[in-house]
Amino acid sequence: MEVAVASRALAVWEHRKVVGLLVRRDLKVKYQQSVLGYAWTMLEPLALTMVYFFVFGVILQAERGMPEEAMAQGGFLLFLVAGILPWNSFGAMLSEAPRAMITHGKLITTMKVPREIFPMATVGTKFVEYLLTLPVLLVFVVVLGGSFSVMGLLVWLPAAVLLQFAFGLGMTLFLSSVNVMFRDVERMVRIITRLLFYGSAILYPATMVLQAGIPEWLKVVYQLNPLLGIFEMHRAVWFADFAELTPTAIALWSSVVGSFLMLVIGYWTFRRLEMSVLKEL
């Protein structure tokens, strides 16, 4: 088993240029015949941030879950931007994951390359789009008076990116293969994506849930969502000095263990269904 995994990993590495070609192709197709082109990668999350800030920040006053000192370091608006930008790429990846194999059906049946390349291309495309939104985040940091710490840049940011990539790749491998066999998966993912969005503390501090008057076991279940810790890591880059805005021990370990398990499960499922998927395609 270990030898087979190592040989497949080596084969994927040898065909890494194919992944790059697929990513560039997907980006060109997405933004072709568009006047603003890649600017939409920044404009869409920016518009969403303004809407969510008005609804959750002004009307629902979700900023009450943040420490008062954090309001002088970017406040609730920076909190939202730092969560929405990585979620925007992850949510888009999750919505496209079920069709990662179906979309490349003709290439899969004609090209002699490791099939893992095609789900990886989907994840890679969304990762590049996330990188393109970083200038927006940096503008908000400068304008709002945000700051970063060494801990944030050297620990939280690399951990957040690595775990999000691992979790996303595992989900894409799993969903892309299962959806070929059961097309209902694609519709189920739409519902799950929405639930994960509101259950991962993107629009509100997790402390609002952890300090609410609900049973302790529900609080533990809430923190077992791997995405909760991942997106708190993204925000901890700018709010590393505030314990209320960094992952709890449960959320942190859930992110690490959950991302690793998702990658293992996704790859195992992908390999298990590979031949059946080829027959369906």
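(A) Quick peek at the overall build of the protein. From N to C terminus, the protein includes 13 helices and 0 strands. The helix and strand sequence of the protein, counted from the amino end, reads α-α-α-α-α-α-α-α-α-α-α-α-α. Compactness check: the protein gives a C-alpha radius of gyration of 20 Å against a globular reference of 19 Å for 281 residues, within 12% of the reference. Along the first, second and third principal axes, the C-alpha atoms of the protein reach 60 × 50 × 35 Å. The buried share among the 281 residues of the protein stands at 49%. Summarising the internal contacts of the protein: among those between residues at least 6 apart in sequence, 82% fall at separations of at least 24. Accessible surface computed for the protein: about 14,500 Å², of which carbon and sulfur atoms make up 69%. In the protein, which carries 22 positive and 18 negative side-chain charges, the distance between the mean positions of the two groups comes to 13 Å.

(B) Quick peek at the environment of Asn 179. As for its position among the elements, Asn 179 is in helix α8 (residues 150-181). Overall, Asn 179 belongs to the buried group, its relative accessible area being 0%. In the structure, Asn 179 is positioned 81 residues away from Pro 98 in sequence and 5.5 Å away in space, judged by C-alpha atoms. The residues contacting Asn 179, other than those within four sequence positions of it, are Pro 98, Arg 99, Ile 102, Val 185 and Glu 186. Of note is the side chain of Asn 179, whose polar atom sits 3.1 Å from the backbone nitrogen of Glu 186.

(C) Seen up close, the packing of aromatic side chains. A full pass over the atoms with the stated rule returns 12 aromatic pairs. Members of the aromatic cluster, connected to one another through ring pairs, are Tyr 52, Phe 56, Trp 87, Phe 90, Phe 167, Phe 197, Tyr 198 and Phe 231.

(D) Inspection of the pattern of salt bridges at higher detail. Inspection of the entire model under this criterion finds 6 salt bridges. A salt bridge links Glu 129 to Lys 126; its shortest N-O distance comes to 3.5 Å. Within this pair, Glu 129 and its partner Lys 126 are both found in helix α7 (residues 117-144), separated by 3 residues, close to a single helical turn. Of the two residues examined, Glu 129 and Lys 126, each falls in the buried class. Put simply, Lys 219 and Glu 216 hold a salt bridge, and the shortest N to O gap is 3.4 Å. With Lys 219 and Glu 216 both in helix α11 (residues 216-223), this residue pair falls 3 residues apart, about one helical turn. One salt-bridge network, in which partners are shared between bridges, spans Glu 96, Lys 126 and Glu 129.

(E) Geometry of the packing of helix α4 (residues 75-96) against α8. Where α4 meets α8, the closest approach of the two axes is 10 Å, and the angle between their N-to-C directions is 15°. On the basis of the axis angle, α4 is roughly parallel to α8. Helix-helix and strand crossings are classified by hand; for α4 and α8 the assignment is right-handed. Listed contacts from α8 to Pro 86, Ser 89, Phe 90, Met 93 and Leu 94 of α4 are Gln 164, Phe 167, Gly 168, Met 171, Thr 172 and Leu 175. The residue makeup of the contact of α4 with α8, split by class, is 7 nonpolar, 4 polar and no charged.

(F) Geometry of the confidence of the model for the protein. Residues of the protein with pLDDT of at least 70 account for 94%, and the chain-wide mean is 85. Taking the mean pLDDT of every element in the protein, the minimum, 71, falls on helix α1 (residues 2-14) and the maximum, 94, on helix α12 (residues 226-236).

(G) A look at a nonpolar patch on the surface. Taken together, the side chains of Ile 214, Trp 217, Leu 218, Val 220, Val 221, Leu 224 and Ile 250 present a nonpolar region at the surface, about 600 Å² in accessible area. It is α11 that provides the largest number of residues to the nonpolar patch, a total of 4 residues. By secondary structure assignment, the location of Ile 214 is in the loop between α10 (207-210) and α11. On the accessibility criterion, Ile 214 (31% relative accessible area) is partly exposed.

(H) Main features of the side chain of Thr 49. Note on placement: Thr 49 falls in helix α3 (residues 40-59). Among all residues touching Thr 49, those that are not within four sequence positions of it are Leu 77, Leu 80, Val 81 and Ile 84.

About the thresholds
- Residues numbered from 1 in each chain as written.
- Predicted model: local features only at pLDDT ≥ 70, side-chain atom pairs only at ≥ 80, totals over all residues.
- Heavy atoms only, no water.
- Helix = DSSP H or I, 4+ residues; strand = E, 2+ residues; numbered from the N terminus.
- Rg over C-alpha atoms; globule rule 2.2 N^0.38 Å.
- Buried < 20%, exposed > 50% of the residue type's maximum accessible area, 1.4 Å probe, protein only.
- Contact = heavy atoms within 4.5 Å.
- Areas by Shrake-Rupley, 256 points an atom, 1.4 Å probe, with all protein chains shown as cover.
- Lys, Arg positive; Asp, Glu negative; His and termini not counted.
- Charge placed at Lys NZ, Arg CZ, Asp CG, Glu CD.
- Polar contact = N/O pair within 3.5 Å; in protein donor to acceptor, adjacent residues only side chain to side chain.
- Phe/Tyr/Trp six-rings, centres within 6.5 Å; stacked < 30°, edge-to-face > 60°.
- Salt bridge = Lys/Arg side-chain N within 4 Å of Asp/Glu carboxyl O.
- Axes fitted to C-alpha atoms, helices over the stretch in contact; angles between N-to-C directions.
- Parallel < 35°, antiparallel > 145°, perpendicular 65-115°, else oblique.
- Left-handed = near helix turned anticlockwise from the far one by under 90°.
- Nonpolar A, V, L, I, M, F, W, Y, C, P; charged D, E, K, R; others polar.
- pLDDT = per-residue confidence, 0-100.
- Patch = residues over 30% accessible without salt bridge, like charges linked within 9 Å, V, L, I, M, F, W, Y side chains within 5 Å.

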